[in-house]
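Secondary and tertiary structure notes
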Amino acid sequence: MKLKNKKVVVTGGGSGYGKGIAAALAAAGAKVWITGRDGAKLELAAKSVGATPIVADVTRGEDWDRVFKTVGAVDVLVNNAGAGVKIADVSEQSDAEIAESVAVNLTGAIMGCARAAKAMKARGKGGAIVNVSSVCAQHAWPGWSVYTAAKAGLLKFSHGLHVELRPFGVKVTCVIPSWGRTLFNRAAKIAGASEDGTLAKKCIAPEELGAIVRGILEQPDHLTVPELTVQPMIQEINPM
């Protein structure tokens, strides 16, 4: 895909990976819209990366409808929005916390994909969807079970969406990053791995993930990358 003048929507674009992805795609000449719930933060991010902000909650179908109505014929959808909500054993989580974690990390992305898939199939000119999951989808740590279930669901959903949309020339990729230089690690209490921690320089920077997503989208039309895992060398992961 040649990104120049392509219409791109990046959810969770106010900071972290979303902002880095939006910046990389805007630099490639794409017309980028970023979404998020914090209007003030979104405005600042949009100005810094050259994007257009849309205040929207990915867990609300009516917000998704408004996003697609505003943008029009979307060429690329990047489902980056997500949240730890509460990192604790499931026995310590309320029904509301569990439901919120699944909604923001899985259901919201599926709702966005449903609308993008319908539009891209009808238009018949290809397109691309990138879903940002997590290395938690592939491994297991105490306290992460609910978040893991949602992100693993996003990974498997992406596989299913790939086979549904491949006949229509629409590419689907699930990117699976681990420790990043973002606010998420602070919220999840990952010692030293937050954006200003001692391990930060050795974690995945938002602009680095942005370059990776851009590279995926710019692959030749006859090639696709259904799944890609990215993790820093500093992080020790022992498979379950």
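Since we're looking at a predicted model, the values are computed, not measured. Residue numbers run consecutively from 1 along every chain, following the written order of its sequence. Totals for whole chains, interfaces and linings use every residue, but because this is a predicted model, local features are given only for residues with pLDDT of at least 70 and side-chain atom pairs only at 80 or more, for both listing and counting. The side-chain numbers reported here are obtained from all heavy atoms of the structure, hydrogens and water having been left aside.

**Examining the nonpolar core**
Nonpolar cores are built from buried Ala, Val, Leu, Ile, Met, Phe, Trp, Tyr and Cys residues. Side-chain atoms within 4.5 Å join them into one set. When accessible area is computed with a 1.4 Å probe and restricted to protein chains, residues below 20% of their type maximum are described as buried, those above 50% as exposed, and intermediate ones as partly exposed. Residues Val10, Ile21, Leu25, Val32, Ile34, Val78 and Leu217 are the most contacted members of the largest nonpolar core, which totals 29 residues. In DSSP terms, a helix is any run of H or I states spanning at least four residues, a strand is any run of E spanning at least two, and both are numbered starting from the N terminus. Secondary structure elements with two or more residues in this core: strand S1 (7–11), helix H1 (16–27), strand S2 (31–36), helix H2 (39–49), strand S4 (76–79), strand S5 (127–132) and helix H7 (206–217). With five residues, H1 is the single largest residue contributor to this core. Two residues qualify as a contact provided that any one of their heavy atoms is within 4.5 Å of a heavy atom in the partner residue. In this view, Leu217 contacts Met1, Leu3, Leu25, Val76, Ala128 and Val130; residues no more than four positions away in its chain are not counted. Counting 22 residues, the second-largest nonpolar core is a separate cluster that includes Ala56, Trp64, Leu165 and Val170.

**Things to note about the sheet that holds S4**
Two strands qualify as a pair provided DSSP detects at least 2 bridges between them. What the seven strands build is an open sheet, ordered S3-S2-S1-S4-S5-S6-S7; its pairing is parallel. Bordering the open sheet on either side are strand S3 (52–55) and strand S7 (227–230), each of which pairs with just one other strand. Direction aside, the axes of adjacent strands within the sheet are offset by 15° on average. Pairing of S4 with S5, which is carried by four bridges, proceeds in the parallel orientation. If you follow Val76 over to S5, its bridge partner there is Ala128. Here the axes come from fitting lines to C-alpha atoms, over the contacting stretch only for helices, and the angles between their N-to-C directions go from 0 to 180 degrees. In the packing of H2 onto the sheet, contacts are made with S2 and S3, and the angle to S3 comes to roughly 165°.

**Some remarks on helix H4 (residues 95–123)**
Every helix has an expected span of 1.5 Å times one less than the residues it contains. The terminal C-alpha atoms of H4, which comprises 29 residues, lie 40 Å apart, in line with the 42 Å expected from a rise of 1.5 Å per residue. Approximately 45° is the largest bend angle found in H4, and it occurs at Ala103. If you follow the buried residues of H4, they end up packed against helix H3 (61–71), S4, S5, helix H5 (145–165) and strand S6 (170–177). Following H4 by one or two positions, Gly124 adopts a phi angle in the positive range, close to 70°. Bend is the name given here to the angle between axes fitted to two runs of seven residues, the run ending at a residue and the run starting at it.

**Looking at the environment of Ala81**
Along the chain, Ala81 turns up in the loop between S4 and H4. Along the sequence, Ala81 and Lys19 sit 62 residues apart, while their C-alpha atoms lie 11 Å from each other. The contacts of Ala81, once residues within four sequence positions are left out, are Thr11, Gly12, Val58, Val104 and Lys151.

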